[in-house]
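# Descriptive analysis of the structure
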Amino acid sequence: MRFVFFTLLLTNTLLFTTASYADEGSHKIFGLSEYVYIEELGVRYKAKIDTGAESASINAINSQVEKGKDGADDIVHFDLVLPDDTLKSVSLPLSKHIRIKRRASDYDEDEKDYSRRPVLELTLCVGGESHKVEVNLADRRQFSKPMLVGSEPLSAFNALVDPSKKYLQDKTLCAKQDKSEEQKE
């Protein structure tokens, strides 16, 4: 009886361990920073990978929403801050608005503790793999990276994060962008 019990226990342990390793192999491993190419915008950004954030965010200023006429989609007009700090005027369909909780140091007591941001559906490419995800527009000029990728896009990529590494994914596997961005890197 002990032999049967021990054999079953050992078999279950081996099956569970094998299944865990098989599942691990299907994940992409991202570092704390990765290059992200945004297909609709034709721009590649250095992005902060942040499992504590939910969504993705890109560096954009002066956003204004224009109501769609006759049932058409609302359009967001904004200035995209490019990697070389120049601006590019862009207009894209609005997906929705989200509320982002602000840091306590970013507002006074009499102000709202959240900001309302427009959200776009954009196709992100990392390491040759592309996924359409929701991306909000935020002024990220004061941050070290012009883009942030949170847990929802990471789930779309089926990615795990190795916090001891940076730029693990091959940026050349996504579409090329203009030469000025290449020279800056």
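As a starting point, this report considers the structure included with it. Once a new chain begins, its residue numbering starts again from 1 and follows that chain's sequence as written. Confidence filtering applies because this is a predicted model: local features only for residues at pLDDT of at least 70, side-chain atom pairs given and counted only at 80 or more, and all residues used for totals across whole chains, interfaces and linings. Side-chain descriptors were evaluated using all non-hydrogen atoms of the structure, hydrogens and water having been removed beforehand.

### Some words on the packing of aromatic side chains
- Two rings from Phe, Tyr or Trp (for Trp, the six-membered ring) form a pair when their centres are within 6.5 Å of each other. A pair whose planes differ by under 30 degrees is stacked, one over 60 is edge-to-face, and the rest are tilted. For the structure on display, the rule yields 2 aromatic pairs.
- Geometrically, the ring pair formed by Phe-30 and Phe-157 is tilted, given 5.9 Å between the ring centres and 55° between the ring planes. You can see Phe-30 sitting in strand E1 (residues 28-30) and its partner Phe-157 sitting in the loop between helix H2 (151-156) and strand E11 (159-161), a full 127 residues away along the chain.
- Under the scheme applied here, a residue whose accessible area is under 20% of the maximum for its type counts as buried, over 50% as exposed, and between as partly exposed, the area being computed with a 1.4 Å probe on protein chains only. Residue Phe-157 is classed as buried on the basis of its relative accessible area of 2%.
- In this analysis the charged atom, NZ for Lys or CZ for Arg, is taken to sit over a ring once it is within 6 Å of the ring centre and within 35 degrees of the ring normal. In this structure, Arg-140 is placed above the aromatic ring of Phe-143, and the distance from its NZ or CZ to the ring centre is 4.6 Å.
- We note Lys-171 situated over the ring of Tyr-35; from NZ or CZ to the ring centre the distance is 4.5 Å. Numbering of helices and strands runs from the N terminus; a helix is a DSSP stretch of H or I covering at least four residues, while a strand is a stretch of E covering at least two.

### Section: the pairing of strand E3 (residues 43-49)
- Along E3, 5 of the 7 residues are buried, which leaves the element largely enclosed by surrounding structure.
- Any two strands with at least two DSSP-identified bridges between them are counted as paired. Counting the residues that bridge the hairpin from strand E2 (residues 33-38) to E3 gives 4 residues, and of these Gly-42 lies at a positive phi of roughly 65°.
- Judged from the 3 bridges that link them, E3 and strand E10 (residues 147-149) form a sheet pairing that is parallel. Bridge pairing in E10 places Ala-47 opposite Met-147.

### Notes on the environment of Lys-48
- Mapped onto the fold, Lys-48 is located in strand E3.
- With a relative accessible area of 37%, Lys-48 lands in the partly exposed category.
- Distance in space between the C-alpha atoms of Lys-48 and Glu-34 is 6.8 Å, their sequence separation being 14 residues.
- Discounting chain neighbours no more than four positions away, the residues touching Lys-48 are Leu-32, Lys-145, Met-147, Leu-148 and Val-149. Working rule for contacts: check all heavy atoms of both residues, and any pair within 4.5 Å makes them a contact.

### Quick look at the side chain of Glu-34
- Residue placement: Glu-34 occurs in strand E2.
- The buried charged residue Glu-34 lacks any salt bridge, with Lys-28 as its nearest oppositely charged partner at 8.6 Å.
- The term polar contact refers here to a pair of N or O atoms within 3.5 Å; inside protein, the definition further demands a hydrogen-donor-capable atom paired with an acceptor-capable atom, and it admits residues adjacent in sequence only when both atoms are side-chain atoms. Here Leu-168 takes part through its backbone nitrogen, which lies 2.9 Å from a polar atom of the side chain of Glu-34.
- Look past the residues within four positions of Glu-34 in its chain and what remains in contact with it is Ile-29, Tyr-45, Lys-46, Ala-47, Ile-49, Val-126, Tyr-167, Leu-168 and Gln-169. Neither His nor the chain ends is counted toward charge; the positive residues are Lys and Arg and the negative residues Asp and Glu. Should a side-chain nitrogen of Lys or Arg be within 4 Å of a carboxyl oxygen of Asp or Glu, the pair is scored as a salt bridge.

### Notes on the state of the cysteines
- Two cysteine sulfur atoms make up a disulfide if the distance between them is within 2.5 Å. Applying the stated criterion across every chain, the model contains 1 disulfide.
- Cys-125 shares a disulfide with Cys-174; S-S distance 2.0 Å. The sign of the -80° torsion about the S-S bond sets the Cys-125-Cys-174 disulfide as left-handed. Pair noted here: Cys-125 is in strand E8 (residues 114-126) and Cys-174 is in the loop between E11 and helix H3 (179-184), with a separation of 49 residues, a long-range link. Assigned by exposure class, Cys-125 and Cys-174 land together as buried.

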